[in-house]
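Remarks on the overall topology
The primary structure of each chain is shown beneath.
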There are 2 protein chains.
Amino acid sequence: MSKPLLVSEQQAEASKDHRFGKFSLDRIDAAILRELSKDARLPRAELSRRVGLSTPSVADRVRRLEDVGVIRGYHADIDPACLGYGLALLIRARPLPGQMQNMIEAIRSTPQIVSCDRVSGEDCFVARAHVHDVIEMEAVIDRIVPFGATNSSVVQSSPVENRIEQLISLARK
Amino acid sequence: MSKPLLVSEQQAEASKDHRFGKFSLDRIDAAILRELSKDARLPRAELSRRVGLSTPSVADRVRRLEDVGVIRGYHADIDPACLGYGLALLIRARPLPGQMQNMIEAIRSTPQIVSCDRVSGEDCFVARAHVHDVIEMEAVIDRIVPFGATNSSVVQSSPVENRIEQLISLARK
DNA sequence: CATGAAACTTTCTGTTT
DNA sequence: AAACAGAAAGTTTCATG
């Protein structure tokens, strides 16, 4: 049978669920992250009620989460369709030999491309673009085409959308 | 030479840059969207200074943008790497005949998958997942595999990240 | 759309455990 | 070191013009 824990050890055990390199997250931090990922403008007062802590304590924790980089920022979620962008595209691209930098430059300088990942495997890049119509779709693709092979798809629906809060409960280490 | 505009016509001309189905956006709305997509927690007072309007007017406009759906919400941007998720994946998947619904269900019920688009063309789905290690990577892929062909890539870097504010200036109609 | 007053929230200070 | 309570500063909201 194991030796009983001191009160301070019990508290440490209960509060520090996860340890990372420079910081640790407990279940209250997790609750804060869940709430703020759902609503970034939630007032500190209401947030403190939900996580069961005083307002200054919650404010301190949020500041710390920002400082260590867990919270990278707060962004309004804009609907491109409401701005007239009727088509969302996924563009996979593979640069020709020696055209890697030119392709990256073409992708970066195309404002309709809102995100792009470089990935392992056959396709080098997977980019997401929003365009008003097929005319603009062609114009976007034609900016990439000179530098390699591309494969464009139109987004028909999104079965899962922006669900990062699911990760918070699963976090470990 | 064209007939001079009435004051009311001039104002309409100057303020209604874009017309959509049910609403119109002028350059001040665009400026508000740009600011809030960069920082959702920007105080209305500071926002009103930046767009050159009084605080109540800006508050009204923001409320309207929320009501018509241009602003879908406000979210904290959480860094999965800081939660211990060392690997980001893009998983392309194509269901076997008759397995479409099962594959959608498998994707929806996998919490490591944070977003998924159904697209035209050869691959039906493109999903994004965050996992702690290759063990968890295999577990995620194995949830999809029974229902079709998959092609997984590891995200190595992201040349373009979350750049939706670029769309605001280009919006038209 | 702007001004000014009231209500609320955030932040700061000091204090406690 | 972390959390709390109260006071001060700022912001949002609501009335009115």
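Values in this document were obtained by computation on a predicted structure and should not be read as measured data.

Rules used in this analysis
- Residues numbered from 1 in each chain as written.
- Chains lettered and ligands numbered in written order.
- Predicted model: local features only at pLDDT ≥ 70, side-chain atom pairs only at ≥ 80, totals over all residues.
- Heavy atoms only, no water.
- Helix = DSSP H or I, 4+ residues; strand = E, 2+ residues; numbered from the N terminus.
- Buried < 20%, exposed > 50% of the residue type's maximum accessible area, 1.4 Å probe, protein only.
- Contact = heavy atoms within 4.5 Å.
- Areas by Shrake-Rupley, 256 points an atom, 1.4 Å probe, with all protein chains shown as cover.
- Least-squares fit on C-alpha atoms with pLDDT ≥ 70 in both.
- Salt bridge = Lys/Arg side-chain N within 4 Å of Asp/Glu carboxyl O.
- UniProt positions renumbered as here; feature names shortened; annotations may be inferred.
- Buried area = accessible area lost by both parts, 1.4 Å probe.
- Polar contact = N/O pair within 3.5 Å; in protein donor to acceptor, adjacent residues only side chain to side chain.
- Nonpolar A, V, L, I, M, F, W, Y, C, P; charged D, E, K, R; others polar.
- Pairing = 2+ DSSP bridges.

Here the focus is the overall build of chain A. Secondary structure summary: chain A contains 7 helices and 7 strands in total. Reading chain A from its N end, one meets helices and strands in the order α-β-β-α-α-α-β-β-α-β-β-α-β-α. Counting only residues that meet the buried cut, chain A has 48% of its 173 residues in that class. Of the contacts made within chain A by residues no fewer than 6 positions apart, 61% connect residues no fewer than 24 positions apart. Accessible surface computed for chain A: about 9,000 Å², of which carbon and sulfur atoms make up 52%.

With that out of the way, let us pick up the relation of the copies chain A and chain B. You can overlay chain A on chain B at an RMSD of 0.0 Å; the transform is a turn of 180° with a shift of 0.0 Å along its axis. Look at the turn and shift together and you get a two-fold axis relating the two. Most of the interface of chain A is mirrored in chain B, where 100% of its interface residues again form contacts.

Inspection of the entire model under this criterion finds 26 salt bridges over all chains. Salt-bridge contacts for Arg-50 of chain A lead to Glu-35 of chain A; the nearest nitrogen and oxygen are separated by 2.8 Å. Note that Arg-50 of chain A is positioned in helix H3 (residues 44-51) and Glu-35 of chain A in helix H2 (residues 27-38), a separation of 15 residues in sequence. On the accessibility criterion, Arg-50 of chain A (47% relative accessible area) is partly exposed. Where Glu-46 of chain B meets Arg-50 of chain B, a salt bridge forms, and the shortest distance between an N and an O atom there is 2.8 Å. In this pair, Glu-46 of chain B and Arg-50 of chain B are both assigned in helix H3 (residues 44-51), 4 residues apart and thus about one turn of the helix distant.

With that settled, the discussion passes to unusual backbone geometry. Excluding glycine, residues mostly have negative phi values, and the peptide bonds linking residues are mostly trans. All names here are of chain A. For Asn-162, which is not a glycine, the phi torsion comes out positive at approximately 50°. Position of Asn-162 among the secondary structure elements: in the loop between strand S7 (148-160) and helix H7 (165-170). The class of Asn-162 is partly exposed, set by a relative accessible area of 48%.

Attention shifts here to the UniProt feature "domain: HTH asnC-type" (unreviewed entry) in chain A. Here the UniProt-annotated "domain: HTH asnC-type" (unreviewed entry) positions come out as residues 25-86 of chain A. Taken end to end, residues 25-86 of chain A is 55% helix and 15% strand, and its two terminal C-alpha atoms sit 41 Å from one another.

Of the residues lining the interface, 70 residues belong to chain A; the matching set on chain B comes to 70 residues. Carbon and sulfur atoms make up 53% of the area that chain A and chain B hide from each other, which totals about 6,600 Å². Taken together, the connections running from chain A to chain B amount to 8 salt bridges. Across the pair Arg-128 of chain B and Asp-117 of chain A runs a salt bridge whose closest N-O atoms are separated by 2.0 Å. Our count for the chain A to chain B interface comes out at 53 residue pairs in polar contact (both at pLDDT 80 or more). If you list the elements that add at least two residues to the side of chain A that touches chain B, you get H2, strand S3 (71-78), strand S4 (87-95), helix H5 (100-108), strand S5 (113-119), strand S6 (125-131), S7 and H7 of chain A. For the side of chain A that touches chain B, the per-class residue count stands at 35 nonpolar, 17 polar and 18 charged. Bridging between S5 of chain A and strand S7 (residues 148-160) of chain B involves 3 bridges; their strand directions are antiparallel.

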